[in-house]
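These are the residues of each chain, in order.
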Amino acid sequence: MPEIAHKGYAPTIWESLADAPHPSISFQSSFWHSVAPAGPVCTRLEGEARTETAIVGGGFLGLSTALHLAEAGHNVTLLEADEAGFGASGRNTGFVVPNLLTGLDPRYAKEKFGPEKGDLLVRMLGEGGDLVFDLIKRHEIDCWGKQTGWMQPIHTGKKTAWLEDRVKQWQDLGRPVKLLSRDEAVAETGSEAYHGAFLDPTGGHINPLAFVRGLAHAAVKAGVTLHIDSRANEIGKKGSEWHLKTDHGTLIADRVLLTTNSTGGGLAPKAEGTQFPITLFQVATQQLDPELRESVLPNDRCSADTRKDLIAYRWTNDNRIVTGGLLANPLGSLERGRTHHLGRLQELLPQLPKLEPEFAWQGRLAAARDYMPRLMRLGDGAFSAIACNGRGIAMTTALGRKLAYWLSGGANEDLPLPITAPDPVMFPKLAPLAFSVWLPLSRHQDAKDIRE
Ligand SMILES: Cc1cc2nc3c(=O)[nH]c(=O)nc-3n(C[C@H](O)[C@H](O)[C@H](O)COP(=O)(O)OP(=O)(O)OC[C@H]3O[C@@H](n4cnc5c(N)ncnc54)[C@H](O)[C@@H]3O)c2cc1C
């Protein structure tokens with residue numbers, strides 16, 4: 001197996017100005033990396049190879065599609081620039097969230113994609129938590145998976161009507177979601193700051209790197225050829241075939257699916273330009289006294305609140321808390337990243353002792369301007385899919401399965417998304433800078449909402 005250099009993704013000058021990833025808080029510095037079982041032993045693409053379906057990108061989306069396609073008897077090769085899970089999939093907080101971002105709900109999805117596709121999308125997503133935990137069971141993935149529920153507490157009483165409406169919209173779809181009263185939310189989160197909460201008991205949490213590596217093992221076992229250390233630098237069509245060039249080889253395919261999230265590095269610039277890359281900081285604390293678990297998230301659920309600059313936290317199996325979020329202004333971001341998010345958590349949960357940032361790392365998510373997934377056509381037989389938008393574990397895993405059915409001959413009508421042309425944002429390279437403006441304004445709004 002070739003040695004992987006973990007070159008990763010080189011940010012543009014504009015992205016660096018907005019939120020420079022710090023070299024010392026890399027993939028390997030994450031807590032998940034320190035405890036996840038290894039991925040499968042794979043080789044780099046060398047020379048020329050042929051495949052029926054080429055998938056580019058070894059995160060949840062690429063691997064779920066590859067796994068389900070191979071299980072349906074198809075010939076699949078997946079190219080991954082570094083190793084499986086090197087992108088957002090191996091670095092996130094591990095919340096399995098079977099719904100959309102705050103502010104988006106089933107009604108919005110139906111307005112956006114029409115009643116039929118919108119309905120397919122939200123039903124797929126609603127079942128996404130069950131799919132993740134079923135895959136964990138079926139493939140015996142050792143990733144600390146716990147289907148204990150996902151909560152979204154409201155940070156202001158002003159959001160009560162919104163919460164009631166959101167709960168009703170998901171219940172109308174037959175989802176077993178619940179509205180927690182103020183007292184229940186306080187007991188479930190351990191924080192007096194909350195006024196109620198949305199609870200989806202089919203959500204939960206995982207070690208995301210262990211899960212994505214487990215998917216990679218399952219995909220290889222199902223027959224997928226997985227090449228690591230094989231960044232696709234160029235994609236082009238010759239006759240009826242697609243050619244994907246890496247530094248050491250060429251993969252020739254009948255059809256191609258790109259699942260490179262925010263890190264494609266210019267492989268399909270128009271499709272990549274539909275997304276804003278956003279850097280998120282993550283911290284895992286020192287091991288804490290297990291008795292604290294009786295007052296903080298006593299049912300081992302995970303919690304991500306309704307602030308614009310949201311506060312999210314969960315326990316790990318070994319009694320650490322993982323939290324994190326956005327950070328504006330790269331200057332001094334390493335130290336600020338380590339302390340800022342822990343400071344907010346201590347304020348929210350004063351019963352906790354002084355928290356130390358034993359592990360710190362960063363990841364890059366991709367958000368479309370409407371925070372909705374996309375399936376874009378790049379040419380005859382070539383597509384790019386993006387379903388991240390910050391809540392991607394359930395969404396990408398579930399979409400991967402749908403894409404596999406479709407690629408194995410399913411009807412376009414059964415897809416939960418329309419197939420569109422790439423619709424890049426204006427000046428996409430400047431988009432990350434917008435977050436440096438958005439974040440302080442959002443924090444100001446959050447503080448105002450709480451005061452009121
Ligand atoms: C810090 C952080 C916390 C998050 N927390 C949560 C959470 O708690 N719950 C949740 O649901 N979601 C969360 N998300 C979002 C979630 O992680 C993503 O939605 C999801 O991982 C996206 O999966 P993906 O497969 O689309 O992309 P990725 O996992 O980013 O995979 C893309 C892959 O493509 C590879 N690649 C890129 N370019 C090329 C190329 N040219 N050739 C070959 N390979 C290439 C990359 O190396 C990478 O491995 C979080 C994201 C971040 C960054």
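The rules we used
- Residues numbered from 1 in each chain as written.
- Predicted model: local features only at pLDDT ≥ 70, side-chain atom pairs only at ≥ 80, totals over all residues.
- Heavy atoms only, no water.
- Buried < 20%, exposed > 50% of the residue type's maximum accessible area, 1.4 Å probe, protein only.
- Helix = DSSP H or I, 4+ residues; strand = E, 2+ residues; numbered from the N terminus.
- Pairing = 2+ DSSP bridges.
- Near = heavy atom within 4 Å.
- Polar contact = N/O pair within 3.5 Å; in protein donor to acceptor, adjacent residues only side chain to side chain.
- Areas by Shrake-Rupley, 256 points an atom, 1.4 Å probe, with all protein chains shown as cover.
- Nonpolar A, V, L, I, M, F, W, Y, C, P; charged D, E, K, R; others polar.
- Phe/Tyr/Trp six-rings, centres within 6.5 Å; stacked < 30°, edge-to-face > 60°.
- Lys NZ or Arg CZ within 6 Å of the ring centre and 35° of its normal.
- Expected span 1.5 Å × (residues − 1).
- Salt bridge = Lys/Arg side-chain N within 4 Å of Asp/Glu carboxyl O.
- pLDDT = per-residue confidence, 0-100.
- Contact = heavy atoms within 4.5 Å.
- Core = buried A, V, L, I, M, F, W, Y, C linked by side-chain atoms within 4.5 Å.

**Some remarks on the pairing of strand β2 (residues 76-79)**
Step number 1: Burial of β2 is two-sided: the residues V76 and L78 facing one way and the residues T77 and L79 facing the other way are all buried.
Step number 2: The pairing of strand β1 (residues 47-56) with β2 spans four bridges and is classified as parallel. Within the sheet, the bridge partner assigned to A54 lies in β2 and is T77.
Step number 3: Strand direction decides the pairing type here: β2 and strand β8 (residues 225-227), joined by three bridges, are parallel. Bridge pairing links L79 to H227 in β8.

**Structural notes on the site of the ligand**
Step number 1: Surveying the vicinity of the ligand reveals 38 residues, the closest of which are E80, S89, F95, C388 and I393.
Step number 2: Within the contact set of the ligand, an oxygen atom lies 2.8 Å away from a backbone nitrogen or oxygen of G392.
Step number 3: Protein coverage of the free-state accessible area of the ligand, which is 1,000 Å², stands at 98%.
Step number 4: Those elements that place two or more of their residues in the shell around the ligand are α3 (60-71), β12 (275-285), β16 (357-368) and α11 (393-407).
Step number 5: Considering only residue class, the shell around the ligand consists of 14 nonpolar, 19 polar and five charged.

**Things to note about the packing of aromatic side chains**
Step number 1: In the structure shown here, the tally under the stated rule is eight aromatic pairs.
Step number 2: When the ring of F31 is compared with that of F359, the centres are 5.3 Å apart and the planes differ by 65°; the resulting orientation is edge-to-face. You can see F31 sitting in helix α2 (residues 31-35) and its partner F359 sitting in strand β16, a full 328 residues away along the chain.
Step number 3: For F31, a relative accessible area of 1% translates into the label buried.
Step number 4: When the ring centre of F86 is taken as reference, the NZ or CZ atom of R91 above it lies at 4.7 Å.
Step number 5: The ring of F198 carries the charged tip of R166 above its face, separated from the ring centre by 5.5 Å.

**Focus: α11**
Step number 1: Between the first and last C-alpha of α11 there are 21 Å, a value that for 15 residues agrees with the 21 Å anticipated at 1.5 Å per step.
Step number 2: Of all 15 residues in α11, twelve are buried; the element is thus mostly enclosed.
Step number 3: Every buried residue belonging to α11 is among I393, A394, M395, T396, T397, A398, L399, G400, L403, A404, W406 and L407, and all of these are buried.
Step number 4: Directly beyond the C-terminal end of α11, a positive phi value near 115° is found at G409.

**Structural notes on the pattern of salt bridges**
Step number 1: For the structure shown, the criterion picks out 25 salt bridges.
Step number 2: Here R293 makes a salt bridge to D300, at a shortest N to O gap of 3.4 Å.
Step number 3: For R293, a relative accessible area of 18% translates into the label buried.
Step number 4: Linking R320 and E358 is a salt bridge whose minimum nitrogen-to-oxygen distance equals 2.9 Å. Note that R320 is positioned in the loop between β14 (312-315) and β15 (321-325) and E358 in strand β16, a separation of 38 residues in sequence.
Step number 5: Taken together, the shared-partner salt bridges connect K112, R369, D370, R374 and D423 into one network.

**With respect to the confidence of the model for the protein**
Step number 1: Averaged over all residues, the pLDDT of the protein equals 90, while 92% of them reach at least 70.
Step number 2: Per-residue pLDDT stays below 50 along residues 1-11; that stretch engages in 31 contacts with residues further than four places along the chain or on separate chains.
Step number 3: In the predicted structure, residues 13-20 sits below a pLDDT of 50 and forms 24 contacts with residues beyond four places in sequence or in another chain.

**Considering the environment of K112**
Step number 1: If you trace the backbone, K112 turns up in helix α4 (residues 106-126).
Step number 2: The spatial distance from the C-alpha of K112 to the C-alpha of E294 is 42 Å, given a sequence separation of 182 residues.
Step number 3: What K112 contacts, discounting residues up to four positions off in sequence, is D370 and M372.
Step number 4: Of the polar contacts made by the side chain of K112, one reaches the side chain of D370; its length is 2.9 Å.

**As for the nonpolar core**
Step number 1: Ranked by internal contacts, the top residues of the largest apolar core, which has 80 residues, are F211 and L403.
Step number 2: Here the element with the most residues in this core is α11; it accounts for nine residues.
Step number 3: Excluding residues that lie within four positions of it along the chain, L403 makes contacts with L61, T65, L257, L375, A385 and L415.
Step number 4: Judged by nonpolar contacts, the second largest core, of 27 residues, contains A232, W242, V425 and F435.

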